[in-house]
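# Structural overview for review
In case you want the letters, here they are:
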Amino acid sequence: MWPLMLQSVFSGKAQEVFSALSSDQATQYDVVKTTILHAYELVPEAYRQKFRNLKKPDQQTFVEFAREKECLFDRWCTAQKADSREQIKQLVLLEDFMNCLPEPVAVYLNEQEVKHLDEAAVLADKYVLMHAEVAIRTGYGIHLGLGHTLQG
């Protein structure tokens, strides 16, 4: 009985996800809950941005704001599967490192889904070297941002 009641209040993505479940799955609360929550999960970068860009509204108390900030940080860490001190350390170091890079290099590293600072540093160096080679062969300069241009 409860699945029918749930289905009547779902809309949008939740309705689509629920409708895609088999009739057996739709009667299992844990399956329904997990499947719908999974459909709404954001990628780690979205959680990071929400955490970093959150601003306290005037009507919100500092306690509420701190709780929301902590919740977003936890979601970011969970999405990155960072639950140990070392994993959280790598997460913060990697974010700071990425903020220091020219945009094309940072985009490339995000696409590679690197998880460790040393891996990011090696890939960043390889990216710059590979693109320098292309710039030299084609005669085109590649602007890497932060005042860096590779000239061919």
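In case you missed it, the structure is sitting above this.
Criteria and thresholds
Residues numbered from 1 in each chain as written. Predicted model: local features only at pLDDT ≥ 70, side-chain atom pairs only at ≥ 80, totals over all residues. Heavy atoms only, no water. Axes fitted to C-alpha atoms, helices over the stretch in contact; angles between N-to-C directions. Helix = DSSP H or I, 4+ residues; strand = E, 2+ residues; numbered from the N terminus. Parallel < 35°, antiparallel > 145°, perpendicular 65-115°, else oblique. Left-handed = near helix turned anticlockwise from the far one by under 90°. Contact = heavy atoms within 4.5 Å. Nonpolar A, V, L, I, M, F, W, Y, C, P; charged D, E, K, R; others polar. 1 Å grid on protein atoms, 1.4 Å probe; cavity = no way out; pocket = protein on both sides within 12 Å on 5 of 7 lines; lining within 4 Å. Points joined across faces, edges and corners; volume = space filled by probe spheres on them.

Remark: helix H2 (residues 12-20) packs on helix H3 (residues 29-40), axes separated minimally by 10 Å, with the N-to-C direction vectors making an angle of 135 degrees. Between H2 and H3, the angle is such that the two are oblique. Here the hand of the crossing between H2 and H3 comes out right-handed. Judged by residue contacts, Lys13, Ala14, Val17 and Phe18 of H2 engage Val32, Thr35, Ile36, Ala39 and Tyr40 from H3. Of the residues in the contact of H2 with H3, the class split is seven nonpolar, one polar and one charged.

Now for the environment of Asn110. On the secondary structure map, Asn110 appears in helix H7 (residues 103-112). Expressed as a C-alpha distance, the spacing of Asn110 and Ala120, which sit 10 residues apart in the sequence, is 9.3 Å.

By volume, the largest pocket is sized at about 670 Å³. Considering the residues around the largest pocket, the lining is formed by 24 residues, among which Pro44, Gln80, Leu94, Asn110 and Val114 are closest to the centre. Contributing elements (two or more residues each) for the lining of the largest pocket: helix H4 (44-53), helix H5 (62-79), helix H6 (85-99) and H7. Sorting elements by how many residues they give to the lining of the largest pocket places H6 first, with eight residues. There is about 250 Å³ of room inside the second largest pocket. Taken together, Leu37, Tyr40, Glu41, Leu42, Pro44, Tyr47, Arg75, Thr78, Ala79 and Lys81 make up the full set of residues lining the second largest pocket. Examining the composition of the lining of the second largest pocket, we find that three residues originate from one element, H5, more than from any other. Split by residue class, the lining of the second largest pocket holds six nonpolar, one polar and three charged.

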